[in-house]
Amino acid sequence: MAEIFYDQDADLSIIQGKKVAIVGYGSQGHAHAQNLRDSGVEVVIALKDGSKSTAKAQEDGFEVKNVADATEWADLIMILAPDQHQRGIYAESIKDKLTPGKTLAFAHGFNIRFGYIDAPEGVDVILVAPKAPGHTVRREYVAGRGIPDIIAVERDASGTAWETAKSYAKAIGGTRAGVIKTTFTEETETDLFGEQAVLCGGMSHLVQYGFETLTEAGYQPEIAYFEVLHELKLIVDLMWEGGIAKQRWSISDTAEYGDYVSGPRVIDPRVKENMQGVLADIQSGAFAERFIADQDAGAPEFLALREKEAQHPIETTGKELRSLFAWKQQDSDYTEGSAAR
């Protein structure tokens, strides 16, 4: 059984006694910074000189320093820049300012797991990862609730790194919901796998294939869109609330029977074998190498794939159909600026 921590397991005074630099002021950055400040923590925002985020951070009442100065000033440095930019920021502005006794923190283990960042001896290396986009992390905190976090310690130089991680998680609201103990390796590999095989890669391509199958058979694209994409939110919400069992309990008997007899025809054992191949590429570092090499080259593969997928007919159908609805979606706070890191 996973080890889970709650409010009573974390000492807020630990993080309140530290000066915290938040590197980046995007989706996660603004949420961490504002939640920490509301929890009585001294926070500055660390940004590159000339960053377009500087004005926003200052408007929100934060002092902004360049990354090197913020690292020198802070006791704990939380890096919330995109994965592909972290090692450059670290090498240029953080590494030489990391003195023994400081804490280097992450919300995703990518750069530590795959060796793109190697902190010096004497520095604690921790992970605190809310399992939601930053806008949701902030909104739930303001409402008096919290988003579950996962925490890890890669290096416990001080002997108190776990207590620091729990305290930080409490300050951003995580222990209100529950904080699960993990490792950098487990967090990184499962996060990448979930995104690629199920949540993003698996789901988007399953929806596209369903749309293609129906439209190629002569059905109206608008009807196909409703059946394979629009209604997906209803199913996912039910699963989120009570697992696959609640989803099956809530749908019609016809749909439930179809789940049992037709689901395995589509998602057959070959899919699991393919998933195992995806996981192997993650574990070996092959995916990380491919991603970082492409990003370093200016992201030609990434941008070409983005453009190709944007041209799929389901996107045109969806855009036109959504504009005709008499109602408007009310979940923009979940999805607006939803890059998790």
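Each remark here, short or long, concerns the structure printed above.
Everything numeric in this text was worked out from a predicted model, so none of it was measured. (Residues numbered from 1 in each chain as written. Predicted model: local features only at pLDDT ≥ 70, side-chain atom pairs only at ≥ 80, totals over all residues. Heavy atoms only, no water.)

A. Examining the overall build of the protein more closely. The helix and strand tally for the protein stands at 19 helices and 9 strands. Taken over the C-alpha trace, the protein has a radius of gyration of 22 Å; the compact-globule value for 341 residues is 20 Å, and the two agree within 12%. Here the protein holds 341 residues, and 39% of them are scored as buried. Put simply, 67% of the contacts in the protein that link residues at least 6 apart link residues at least 24 apart. In the form shown here, the protein has an accessible surface area of approximately 18,300 Å², with 54% of it arising from carbon and sulfur atoms. Each charge class in the protein was averaged separately, 34 positive and 53 negative side chains, and the resulting centres sit 3 Å apart. (Helix = DSSP H or I, 4+ residues; strand = E, 2+ residues; numbered from the N terminus. Rg over C-alpha atoms; globule rule 2.2 N^0.38 Å. Buried < 20%, exposed > 50% of the residue type's maximum accessible area, 1.4 Å probe, protein only. Contact = heavy atoms within 4.5 Å. Areas by Shrake-Rupley, 256 points an atom, 1.4 Å probe, with all protein chains shown as cover. Lys, Arg positive; Asp, Glu negative; His and termini not counted. Charge placed at Lys NZ, Arg CZ, Asp CG, Glu CD.)

B. How the structure looks around the sheet that holds strand 7 (residues 124-130). Here 9 strands make up an open sheet; going across it, the order is 1-9-8-7-6-5-2-3-4 and the pairing mixed. Since the sheet does not close on itself, it has two edges, and those belong to strand 1 (4-5) and strand 4 (63-65), each with one partner. Summarising the sheet, strand 3 (residues 42-46) and strand 4 pair through 3 bridges and their orientation is parallel. Opposite Ala 46, over in strand 4, you have Lys 65 as the bridge partner. Across the face of the sheet, helix 2 (residues 27-38) comes into contact with strand 2 (19-23), strand 3, strand 5 (76-79) and strand 7 while running at roughly 165 degrees to strand 2. (Pairing = 2+ DSSP bridges. Axes fitted to C-alpha atoms, helices over the stretch in contact; angles between N-to-C directions.)

C. Highlighting the nonpolar core. Membership of the largest hydrophobic core comes to 29 residues, with the highest contact counts inside it found for Ile 22, Leu 36, Ile 45, Val 128 and Tyr 168. Listed by contribution, the elements that provide at least two residues to this core are strand 2, helix 2, strand 3, strand 5, strand 7, strand 8 (149-155) and helix 8 (161-171). Per-element tally for this core: the top contributor is helix 8, with 5 residues. Counting residues in each nonpolar core, the second largest holds 27 residues, with Ile 94, Ile 112, Ile 117 and Ala 129 among its members. (Core = buried A, V, L, I, M, F, W, Y, C linked by side-chain atoms within 4.5 Å.)

D. The arrangement of the pattern of salt bridges in detail. Applying the stated criterion to the full structure yields 18 salt bridges. A salt bridge links Arg 138 to Asp 38; its shortest N-O distance comes to 2.9 Å. Here Arg 138, found in helix 7 (residues 134-142), pairs with Asp 38, found in helix 2; they are 100 residues apart in sequence, far enough to count as distant. Overall, Arg 138 belongs to the buried group, its relative accessible area being 16%. For Asp 38, a relative accessible area of 45% translates into the label partly exposed. One continuous salt-bridge network, built from bridges that share partners, spans Asp 118, Glu 121 and Arg 155. (Salt bridge = Lys/Arg side-chain N within 4 Å of Asp/Glu carboxyl O.)

E. Representation of the packing of aromatic side chains. Evaluation of the coordinates by the stated rule reveals 7 aromatic pairs. Ring centres of Tyr 25 and Phe 62 lie 5.9 Å apart, and the angle between their planes is 65 degrees; this geometry places the pair in the edge-to-face category. Pair noted here: Tyr 25 is in the loop between strand 2 and helix 2 and Phe 62 is in the loop between helix 3 (54-59) and strand 4, with a separation of 37 residues, a long-range link. Ring pairs connect the aromatic residues Phe 110, Phe 114, Tyr 116, Phe 287 and Phe 291, which therefore count as one cluster. Between Arg 176 and the ring centre of Tyr 141, over which it is positioned, the NZ or CZ distance is 4.3 Å. (Phe/Tyr/Trp six-rings, centres within 6.5 Å; stacked < 30°, edge-to-face > 60°. Lys NZ or Arg CZ within 6 Å of the ring centre and 35° of its normal.)

F. Spatial organisation of a nonpolar patch on the surface. On the surface, Leu 206, Val 266 and Ile 267 cluster together to form a nonpolar patch covering roughly 260 Å² of accessible area. Within the secondary structure, Leu 206 is located in helix 11 (residues 201-216). (Patch = residues over 30% accessible without salt bridge, like charges linked within 9 Å, V, L, I, M, F, W, Y side chains within 5 Å.)

G. Representation of helix 16 (residues 286-296). Those residues of helix 16 that fall on the buried side of the exposure criterion are Ala 288, Ile 292, Asp 294 and Gln 295. Seen from one end, helix 16 has its buried residues packed into an arc of 160 degrees, which puts them on one side. In helix 16, the exposed positions angled more than 90 degrees off the buried face are occupied by Glu 289 and Arg 290. Buried residues along helix 16 sit against helix 5 (83-94), helix 6 (110-113) and helix 17 (300-310). Directly after helix 16, the chain includes Gly 298, whose backbone phi takes a positive value near 100 degrees. (Arc of directions from axis to C-beta.)

H. Structural view of the pairing of strand 6 (residues 103-106). With burial as the criterion, each face of strand 6 is covered, one bearing Thr 103 and Ala 105 and the other bearing Leu 104 and Phe 106. Of the strand pairs in this sheet, strand 5 and strand 6 are connected by 4 bridges, and their pairing is parallel. Its bridge partner being in strand 6, Ile 77 is matched across the sheet by Leu 104. With helix 5 bridging strand 5 and the parallel strand 6, this β-α-β connection has right-handed handedness. Strand direction decides the pairing type here: strand 6 and strand 7, joined by 4 bridges, are parallel. When the sheet's bridge partners are listed, Ala 105 is paired in strand 7 with Ile 126. (Right-handed = clockwise from strand over helix to strand, strands pointing away.)

I. Molecular detail of the side chain of Asn 35. With respect to the element layout, Asn 35 can be found in helix 2. For Asn 35, a relative accessible area of 0% puts it in the buried group. Of the polar contacts made by the side chain of Asn 35, one reaches the side chain of Arg 138; its length is 2.8 Å. With near-sequence residues (within four places) excluded, Asn 35 lies in contact with Val 137, Arg 138, Tyr 141, Ala 171 and Ile 172. (Polar contact = N/O pair within 3.5 Å; in protein donor to acceptor, adjacent residues only side chain to side chain.)

Remember that the coordinates give geometry; whether it matters functionally is a separate question.
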